[in-house]
Amino acid sequence: MMAGTHGQLWYLGMMEENKLKTSEGTLEKARNSEEWRCQGLSTQRSCHFMAFPSFEHVITMDSLCFDSWFTPSWLDEEPARNGFAQDGNRCNDHALPPDATAFVTILRNCAKNKDLRKGTKVHDDITKMGLLEKCSDALVTMYAKCGALSKAKELLELHISRNLFSWTALISAYAQQGLGKEAVDCFEKMQRAGLSPDAVTFTSILKAYGSIGAADKGERVHDEVVHQGLLENDVMLGTALVDMYAKCGALAKARQVFQNLSSRNVITWSALITGYAQQGEAVQAYACYEQMQSEGLFPDAKTYACILKACGDMGAKDKGECIHNEISRQGLLANDFVLGTALVDMYAKCGVLVKAQQVFENLPHRDVTSWSALIEGYAQHGQGEQALKTFEQMQGGGLAPNEVTFTSILKACGALGAVAKGKQIHDEIARQGLLGSNFLLDTALVDMYAKCGALAQAQKVLDELLLRDISTWSALIMGYAQQGQCEQAVTCLEQMQQEGLFPDAVIFSSLLNACSHSGRVHDGHLYFTLLSKKYGIKPDLEHYACMVDLFGRSGHIDKAVGVIQGMPFSDNLEVWSILLGACRKWGDVNVGRWAFEHAIQFDRENTAAYLLMADLYAAVGMHNDAKSNQALRMDNEGLKMLEVVV
DNA sequence: AAGGGACCTA
């Protein structure tokens with residue numbers, strides 16, 4: 001076969017099912033392979049290069065050819081992979097070396113294709129040819145777009161670039177990879193170097209500010225953007241502002257910016273909806289979603305993903321199902337596993353786990369996030385066994401769990417009391433070096449041991465952490481409280497304060513419970529007083545209930561009554577039931593009857609209350625009263641139970 | 001001519 005004058009191998013057509021006709025002859029497709037993976041592309045984009053039916057880049061739609069400066073490296077390597085010998089002579093581009101301008105074009109091509117391998121090779125050639133200075137900016141951009149951020153940074157700073165585009169490319173790349181801090185550093189360095197940001201730079205840095213929650217800096221950019229009049233015709237910049245405020249939790253501000261924009265599109269709306277959904281304002285998110293549609297804009301896959309989250313939070317199964325139908329109708333699940341995960345999560349949160357499982361099984365791709373959503377669904381709804389089973393299936397498929405998966409599976413272990421399995425997970429977490437890097441995971445681990453009653457283990461995990469947060473302590477204190485180990489719980493309280501952490505309402509509930517169960521009336525009362533006086537926490541119903549229990553259990557019925565009467569809330573069934581239980585214990589018929597009367601006002605069929613009251617009468621020898629169905633307003637079922645008691 | 005905006009799991 002003749003070598004073409006350019007040495008390029010062009011695709012000309014399909015000969016047979018697994019043979020390609022090219023300018024240089026025939027290529028055979030690898031056996032059993034439907035597609036050729038784009039090795040040069042970042043896995044994040046997960047792009048596939050389809051050999052059939054057309055020989056085009058599936059994203060850029062460019063026609064592709066082999067052995068040119070402009071060919072992505074994965075394509076250059078394709079002939080070899082398919083058993084074709086590489087013919088060194090064919091690559092004539094090398095015989096006519098490009099100048100700096102040509103190299104810049106080549107680098108842009110590499111950036112566009114995210115072809116780091118070729119870009120690096122080109123960098124090498126540029127250096128050898130002494131063209132580095134002239135190509136430096138293009139190299140920085142290429143490295144930034146290919147995700148090689150340290151290389152980009154190195155070059156940028158080496159030549160103290162004066163090119164706003166290259167600086168912006170790096171800032172933007174940092175922001176896109178979630179490296180907000182680095183993006184900010186770069187942005188500030190750029191300004192110190194005397195370059196002024198433009199609308200694109202602002203858009204990029206706003207994303208970074210959003211990711212690190214720097215609303216103050218974001219607001220300064222906002223002012224500057226308004227000052228320069230950049231917002232007028234720039235939807236992207238406006239969207240970035242909305243997103244920045246939303247990510248920082250400043251939803252009112254996000255909404256305000258949104259409303260003042262001269263134009264909006266589906267992305268702008270989605271930024272706002274996402275903001276509401278992420279801050280737990282599901283109702284607002286849904287309202288926006290409907291308003292967007294009433295203004296004639298159509299949601300896309302990303303909009304659906306975030307509104308599904310809102311549906312899950314609201315437990316709005318029917319709304320979620322409608323959206324599911326729409327998604328299916330549009331065939332959006334075929335190439336979007338983020339959306340698939342959102343759907344699984346929505347059904348799981350709504351408690352429809354059969355449906356969640358079913359959607360999950362029908363997804364074309366499953367990643368660790370979709371698995372985790374399902375596992376968490378089971379863990380959340382008390383189906384620990386199923387959570388464990390799913391977890392094992394996931395590992396069996398060769399997928400590695402991440403921090404979120406571990407957190408969910410630990411929750412399942414704790415609920416099941418499966419301490420051995422929990423320990424195994426603990427070891428795995430430690431092996432992966434994940435301990436101490438994530439408060440939520442650390443806390444889940446302590447909580448798992450605590451729930452299993454393995455308090456020494458729980459304490460050990462907590463002790464070995466260098467940094468702890470209030471939830472981690474809370475998990476341990478709750479464990480001690482549940483075992484009635486009041487002293488240990490108090491010790492924890494003191495230790496956490498020595499670390500500069502302030503206990504919260506939940507911790508005091510645990511603590512009061514612990515005092516109550518170990519008969520420490522004085523301590524309990526003291527903490528209840530300190531709660532508001534020292535810690536500025538407004539006691540909630542739970543705390544009052546603990547106090548009723550604390551006094552009642554220890555025989556201070558009068559004080560228990562005093563607590564109920566002093567509650568700033570209306571009374572509820574729980575406190576009366578606790579009081580009645582205490583009266584039963586101490587044989588206080590008068591207060592007991594009073595508590596009983598209140599309790600059955602909340603629930604006439606409250607069998608537990610009837611039984612307690614009957615039990616109380618029986619305990620003090622008032623058998624007639626105990627049997628008196630008139631006094632107790634017992635139904636037949638209750639009477640039968642009463643006979644058993646008396 | 002190049003650099004820019006929204007999604008899922010604790």
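Within any chain, residue numbers begin from 1 and follow the written order of that chain's sequence. Chains carry letters from A onward and ligands carry numbers from 1 onward, assigned in written order. For a predicted model such as this one, the threshold for reporting local features is a pLDDT of at least 70, and the threshold for listing and counting side-chain atom pairs is 80 or more; totals across whole chains, interfaces and linings nevertheless cover every residue. Only hydrogens and water are set aside when side-chain values are computed; all heavy atoms of the structure are taken into account.

## Focus on the nonpolar core
Only buried residues count toward a nonpolar core. Its members are Ala, Val, Leu, Ile, Met, Phe, Trp, Tyr and Cys residues joined through side-chain atoms within 4.5 Å. Each residue's exposure class comes from its accessible area (1.4 Å probe, protein chains only) as a fraction of the maximum for that residue type: buried when under 20%, exposed when over 50%, partly exposed otherwise. In this structure, C135, I205, Y209, I323, L339 and L579 are the most contacted members of the largest nonpolar core, which totals 185 residues. Where each domain begins and ends is defined by an automated method or by a domain database. No fewer than three residues from each of domain 2 (97-151) and domain 3 (548-646) sit in this core. The contact criterion used throughout is that any non-hydrogen atoms of two residues lie within 4.5 Å. In this structure, I205 is in contact with I171, A183, V184, F187 and V221, ignoring residues within four places of it in sequence.

## Some points on the protein's contact with DNA strand B
Nearness is judged by heavy atoms alone; a residue qualifies as near a molecule or strand once a single heavy atom is within 4 Å of it. Near DNA strand B there are 50 residues, and of these R108, T203, K207, D234 and D300 occur at the shortest range. Backbone atoms, meaning sugar and phosphate, make up 43% of the atoms of DNA strand B lying within 4 Å of the protein. Within the side chain of N438, a nitrogen or oxygen atom sits 3.1 Å from a base nitrogen of DNA strand B. In the scheme used here, Gly and all other residues not listed as nonpolar or charged are polar, with Ala, Val, Leu, Ile, Met, Phe, Trp, Tyr, Cys and Pro taken as nonpolar and Asp, Glu, Lys and Arg as charged. Residues belonging to the surface near DNA strand B are distributed by class as follows: 15 nonpolar, 21 polar and 14 charged. For the purposes of these results, a polar contact is taken to be a pair of N or O atoms within 3.5 Å, where, inside protein, one atom must be able to donate a hydrogen and its partner to accept one; residues adjacent in sequence count only when each atom of the pair is a side-chain atom.

## Looking at the side chain of R255
Helix and strand labels come from DSSP, where a helix needs a run of H or I of at least four residues and a strand needs a run of E of at least two; each type is numbered from the N terminus. Looking at the element boundaries, R255 is found in helix α12 (residues 251-260). Charge assignment: positive for Lys and Arg, negative for Asp and Glu; neither His nor the chain ends contribute. Here, a salt bridge means any side-chain nitrogen of Lys or Arg that lies within 4 Å of a carboxyl oxygen of Asp or Glu. Buried charge R255 goes without a salt bridge, the closest partner of opposite sign being E295 at 7.6 Å. For R255, the contacting residues outside a window of four places in its chain are L272, Y276, C288 and Q291.

## What about the packing of aromatic side chains?
In this description, a pair of aromatic rings is defined by centroid distance and the angle of the planes. Pairing of aromatic side chains requires ring centres within 6.5 Å, counting the rings of Phe and Tyr and the six-membered ring of Trp. Pairs whose planes differ by under 30 degrees are stacked, by over 60 edge-to-face, and all others tilted. Counted according to the given criterion, the structure contains 9 aromatic pairs. Taking 5.5 Å as the distance between ring centres and 50° as the angle between the ring planes, the aromatic pair formed by Y286 and Y289 counts as tilted. Pair noted here: Y286 and Y289 are both in helix α14 (residues 282-294), with a separation of 3 residues, about one helical turn. You'll find Y286 and Y289 in the same group, each marked buried. A ring pair is formed by F596 and Y610, whose centres lie 5.3 Å apart and whose planes are at 70°; its orientation type is edge-to-face. Of the two residues, F596 sits in helix α32 (residues 589-602) while Y610 sits in helix α33 (residues 607-619), which places them 14 residues apart along the sequence. Residues F596 and Y610 agree in their burial class; the two are buried. Among the aromatic residues, those joined into a ring-pair cluster are F502, F508 and Y535. Note on geometry: a ring has a charge over it if NZ (lysine) or CZ (arginine) is within 6 Å of the ring centre and within 35 degrees of the ring normal. The ring of Y286 is capped by K319, whose NZ or CZ atom sits 5.0 Å from the centre of that ring. Directly above the ring of F360 sits R366, whose terminal nitrogen or CZ lies 5.4 Å from the centroid.

## So, the packing of helix α5 (residues 132-145) against helix α6 (residues 149-158)
Inter-axis angles, ranging from 0 to 180 degrees, are taken between N-to-C directions of lines fitted to C-alpha atoms, where helices are fitted over the stretch in contact. α6 packs onto α5 with a crossing angle of 160° between their chain directions and a minimal axis gap of 7 Å. With respect to their mutual orientation, α5 and α6 come out roughly antiparallel. Judged by the sense of rotation from one axis to the other, the crossing of α5 with α6 is left-handed. Facing S136, L139, V140, Y143 and A144 of α5, the residues of α6 in contact are L149, K151, A152, L155 and L156. Roughly parallel means an angle under 35 degrees; roughly antiparallel, over 145; roughly perpendicular, 65 to 115; everything else is oblique. Two helices crossing with the near one rotated counterclockwise from the far one by less than a right angle form a left-handed crossing, whereas a clockwise rotation gives a right-handed crossing.

## Focus on the UniProt feature "repeat: PPR" (unreviewed entry) in chain A
UniProt positions are given in the numbering used here, feature names are shortened, and annotations may be inferred rather than shown by experiment. UniProt records the feature "repeat: PPR" (unreviewed entry) at residues 163-197, 198-232, 265-299, 367-401, 469-503 and 504-539, using the numbering of this structure. Taken end to end, residues 265-299 is 74% helix and 0% strand, and its two terminal C-alpha atoms sit 10 Å from one another. Annotated as 74% helix and 0% strand, the span residues 367-401 places its first and last C-alpha atoms 10 Å apart.

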